[in-house]
2 protein chains.
Amino acid sequence: MQPLKEKIRQEGKVLSSEILKVDSFLNHQIDPVLMQQIGQEFARRFAEDRITRVLTIESSGIAPSVMAGLVLGVPVVFARKRKSLTLTDDFYEAKVYSFTKQETNSIVVAKTHLTEADKVLVIDDFLANGQAAEGLIEIVRQAGAELAGVGIVIEKSFQEGGKRLREKGIRVESLAEVAALSEGKVTFVGDNE
Amino acid sequence: MQPLKEKIRQEGKVLSSEILKVDSFLNHQIDPVLMQQIGQEFARRFAEDRITRVLTIESSGIAPSVMAGLVLGVPVVFARKRKSLTLTDDFYEAKVYSFTKQETNSIVVAKTHLTEADKVLVIDDFLANGQAAEGLIEIVRQAGAELAGVGIVIEKSFQEGGKRLREKGIRVESLAEVAALSEGKVTFVGDNE
């Protein structure tokens, strides 16, 4: 997706060979116009899939998911990283290890917001080792819902998460696929083709 | 704002005289169409204020803020509740006590995303005791930015946050003002007038 790749080239900060910081438009500050374009693109790619719900995870997955949900005409559910006192229902729960934060969180979704009647589009901001996506997919499985696929804003294709999901037969649609991070520069898959 | 009040009446769950749960459209599941209407209403109310940035807090403030930012044509910054390893810049920081979670968090905003040139609209999902809003306002103050006002989706007018902010001369625009929660029922300010 061209506008996203351009934004990453212009504003992404390569902090190491593994870390790309996009705090100026996705992870801390949000560019609403770009989020709208991203939402439209996810909706276009899954237009024929009769999606009934978008499932994401707080916090950075929310903005692209809400824009996708708006175009698809379906509600968005965001998994919470821990239980809050105002969540009193029963939950689906999965464990997610964050390499960035070096900690394991439970992610939870109230059973009332995801059922076996749902066809789910999972959306997240980044796909690296695939921990978050696999946690969300586990929750879809627990609900007995159908997984239509996974929509990712930025996939770090040099890490193994995307490969592992695709090997399981899961459809993964990534809007920007980063092939390498080196010397302050982002290389996308297909850049030199 | 009528569609919001109707949604609260239909789907809000009164858990006690102080707790209103709106997990079906705002705090866990999100209704994107309602969020768009909310964003449009915030943008309408602050249309003449030359807003340059919307400031909110993760996670439930993000959806209404992104919709408001889209209509206003400005970026949205969400304060993070703790430092993440990928945030390496200098921060504005404020302490926020959550009555719901019974804990104090630091909320942080990178200095690169808020400056003295900004005119800021602070948006949050709930206004109860006002802790989160006051933390965000403190961050606006630290940045030397101008505060245009505070936009709130649901104000619990029987708690003191809104009163305290208005007494300081801060403009507070709440889209639904809850006067009381009792016997499973929500009463809005102005219901019996």
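Relevant structure appears above.
The sections below set out a description of the structure shown in this document. This structure is a prediction, so every number in the text was calculated from the model and none was measured.

## Some words on the packing of helix H2 (residues 32–45) of chain A against helix H3 (residues 62–72) of chain B
Argument step 1. Between H2(A) and H3(B), whose axes approach to 8 Å, the crossing angle comes to 110 degrees. One element, H2(A), and the other, H3(B), form an angle in the roughly perpendicular class. On H3(B), the residues that touch A:Pro32, A:Val33 and A:Gln36 of H2(A) are B:Val66, B:Gly69 and B:Leu70.
Argument step 2. Residue composition of the contact of H2(A) with H3(B), grouped by class: four nonpolar, two polar and no charged.

## Re the pattern of salt bridges
Residue and element names in this part refer to chain A.
Argument step 1. Applying the stated rule across the entire model yields 34 salt bridges over all chains.
Argument step 2. Across the salt bridge formed by aspartate 31 and lysine 7, the nearest N and O atoms sit 3.1 Å from each other. In this pair, aspartate 31 is assigned in the loop between strand S3 (29–30) and H2 and lysine 7 in helix H1 (residues 2–11), connecting sequence segments 24 residues apart. Grouping residues by exposure puts aspartate 31 and lysine 7 together as buried.
Argument step 3. What emerges from the salt-bridge pattern is a single network uniting Glu41, Arg44, Arg45, Asp49, Arg171 and Glu173.

## Remarks on helix H3 (residues 62–72) of chain A
Residues and elements named next belong to chain A.
Argument step 1. Across the 11 residues of H3, nine count as buried, placing the element largely inside the fold.
Argument step 2. Looking at H3, one finds that the buried residues are Ile62, Ala63, Pro64, Ser65, Val66, Met67, Ala68, Gly69 and Leu70.
Argument step 3. Positive backbone phi, at 75 degrees, marks glycine 73, one or two positions downstream of H3.

## Quick word on the packing of aromatic side chains
Argument step 1. Scanning the entire structure with this criterion turns up zero aromatic pairs over all chains.
Argument step 2. The ring of B:Phe46 carries the charged tip of B:Arg171 above its face, separated from the ring centre by 4.1 Å.

## Looking at the pairing of strand S9 (residues 146–156) of chain B
Residue and element names in this part refer to chain B.
Argument step 1. Counting buried positions over the 11 residues of S9 gives nine, a clear majority of the element.
Argument step 2. Two elements, strand S8 (residues 119–127) and S9, share eight bridges in a ladder whose sense is parallel. Its bridge partner lying in S9, leucine 121 is registered against glycine 149.
Argument step 3. Following the chain from S8 across helix H4 (residues 131–143) to the adjacent parallel S9, one finds a crossover that is right-handed.
Argument step 4. When S9 meets strand S10 (residues 172–182), the two strands line up parallel, connected through six bridges. Looking at the pairing, isoleucine 154 lines up with alanine 176 of S10.

Here is what the cut-offs are and how they apply
Residues numbered from 1 in each chain as written. Chains lettered and ligands numbered in written order. Predicted model: local features only at pLDDT ≥ 70, side-chain atom pairs only at ≥ 80, totals over all residues. Heavy atoms only, no water. Axes fitted to C-alpha atoms, helices over the stretch in contact; angles between N-to-C directions. Helix = DSSP H or I, 4+ residues; strand = E, 2+ residues; numbered from the N terminus. Parallel < 35°, antiparallel > 145°, perpendicular 65-115°, else oblique. Contact = heavy atoms within 4.5 Å. Nonpolar A, V, L, I, M, F, W, Y, C, P; charged D, E, K, R; others polar. Salt bridge = Lys/Arg side-chain N within 4 Å of Asp/Glu carboxyl O. Buried < 20%, exposed > 50% of the residue type's maximum accessible area, 1.4 Å probe, protein only. Phe/Tyr/Trp six-rings, centres within 6.5 Å; stacked < 30°, edge-to-face > 60°. Lys NZ or Arg CZ within 6 Å of the ring centre and 35° of its normal. Pairing = 2+ DSSP bridges. Right-handed = clockwise from strand over helix to strand, strands pointing away.

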